[in-house]
Amino acid sequence: MSPSGSTLILPIFPLPDVTFFPHTLLPLHVFEARYRAMVMDALARDRRLAVVKLRPGYEATYAGKPPVHPVAGAGEIVSWERLATGRYNILLKGECRVRIERERPSDTLYRVVTVGRLDDVPPAEDVASVLGRIREACGRLLKALDRPADLLDTALADGQPPGAIADRIAAAVLPDAALRQELLETLDVTKRLDRLSGALDGLVNELLGGRE
């Protein structure tokens, strides 16, 4: 994908309560006619599209152009299956955050926008301590849910950028759609990690009924 600050033209897939983070995989079942057309067109071009979260109240105007959040996740369709019904199962690989700059006139049923790519603001100082807290909170969370202790090992693995760890854990663990969108919009990696750490602690405490 293009470098930071560059302008792209992408189709958007507006969805309720779905956040598409970089460094993650997102499976989707595409059944509406306009979005089946979007997938077909994307596959004929560069296989790229953006997934954007609908704003509250979208139900009233969903048939038209409901309001969406300005920051979305963009990525590539890395695998797809067209079913006998014409529907698609697709798998998206997240590549970057983008900010929607304007909607473009289009003769398609789906929406096409101009976006600017957004890159992480890397930590100015060592973030090992907050990463340690996140790993510890994930361990406590898995124990509270009675899930395998190594379930999140890939997402938490050393050797990847701290921002990627934050994105992968947020996508895998956090149930709050508003919080996921907030983290998608947080470009400062240190702030993102701090916010994620606090959210994980709160989630564990809620699951354990305040017994921690």
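Our structure is the block above this text.
This is a predicted model, so every value here is computed, not measured.

Asker: Could you give an account of the nonpolar core, naming the residues involved and the relevant values?
Answerer: Formed by 31 residues in total, the largest nonpolar core has its most connected members in Ile134, Ile169, Leu174, Leu193, Leu196 and Leu200. Apart from the residues lying within four places of it in its own chain, the contact partners of Leu193 are Val127, Val130, Leu131, Ile134, Pro162 and Ala166. Counting residues in hydrophobic clusters, the runner-up holds 18 residues, among them Leu28, Ala42, Tyr88 and Ile90.

Asker: Which residues make up the side chain of Arg117, and what values go with them?
Answerer: With respect to the helices and strands, the residue Arg117 is situated in strand β6 (residues 111-118). There is a polar contact of 2.8 Å between the side chain of Arg117 and the side chain of Asp119.

Asker: Tell me about helix α5 (residues 177-185), and please be specific about residues and values.
Answerer: All of the buried residues along α5 are Ala177, Leu179, Arg180, Gln181, Leu183 and Leu184. For α5, the secondary structure elements touched by its buried residues are β3 (48-53), β4 (71-82), β5 (88-104), α4 (162-173) and α6 (189-207). N-capping of α5 is provided by Asp176, with a side-chain oxygen placed 2.9 Å from the backbone N of Ala178.

Asker: So what's going on with the packing of aromatic side chains? Which residues, and what values?
Answerer: A complete count under the given rule lists one aromatic pair for this structure. Ring centres of Phe13 and Tyr35 lie 4.7 Å apart, and the angle between their planes is 35°; this geometry places the pair in the tilted category. On the criterion of sequence distance, the pair formed by Phe13 in strand β1 (residues 7-15) and Tyr35 in helix α1 (residues 33-44) is long-range, its members being 22 residues apart. This pair shows no difference in class: Phe13 is buried, exactly as Tyr35 is.

Asker: Before we move on, can you summarise the environment of Arg55 with the specific residues and values?
Answerer: Mapped onto the elements of the fold, Arg55 is located in the loop between β3 and β4. Sequence spacing of Arg55 and Pro14 is 41 residues, and the spatial spacing of their C-alpha atoms is 9.5 Å. Not counting residues within four places of it along the chain, the set of residues in contact with Arg55 comprises Pro67, Val68, His69 and Pro70. Here Val68 takes part through its backbone oxygen, which lies 3.2 Å from a polar atom of the side chain of Arg55.

Asker: Describe the pattern of salt bridges, listing the residues and the values that go with them.
Answerer: One pass over the structure, following the stated rule, counts 15 salt bridges. Between Arg48 and Glu76 there is a salt bridge, and its shortest N-O distance comes to 3.7 Å. Placement of the pair is Arg48 in strand β3 and Glu76 in strand β4, with a sequence separation of 28 residues. Three or more residues are tied together by salt bridges with common partners; here these are Arg47, Arg48, Glu76 and Glu95.

About the thresholds
- Residues numbered from 1 in each chain as written.
- Predicted model: local features only at pLDDT ≥ 70, side-chain atom pairs only at ≥ 80, totals over all residues.
- Heavy atoms only, no water.
- Core = buried A, V, L, I, M, F, W, Y, C linked by side-chain atoms within 4.5 Å.
- Buried < 20%, exposed > 50% of the residue type's maximum accessible area, 1.4 Å probe, protein only.
- Contact = heavy atoms within 4.5 Å.
- Helix = DSSP H or I, 4+ residues; strand = E, 2+ residues; numbered from the N terminus.
- Polar contact = N/O pair within 3.5 Å; in protein donor to acceptor, adjacent residues only side chain to side chain.
- Phe/Tyr/Trp six-rings, centres within 6.5 Å; stacked < 30°, edge-to-face > 60°.
- Salt bridge = Lys/Arg side-chain N within 4 Å of Asp/Glu carboxyl O.

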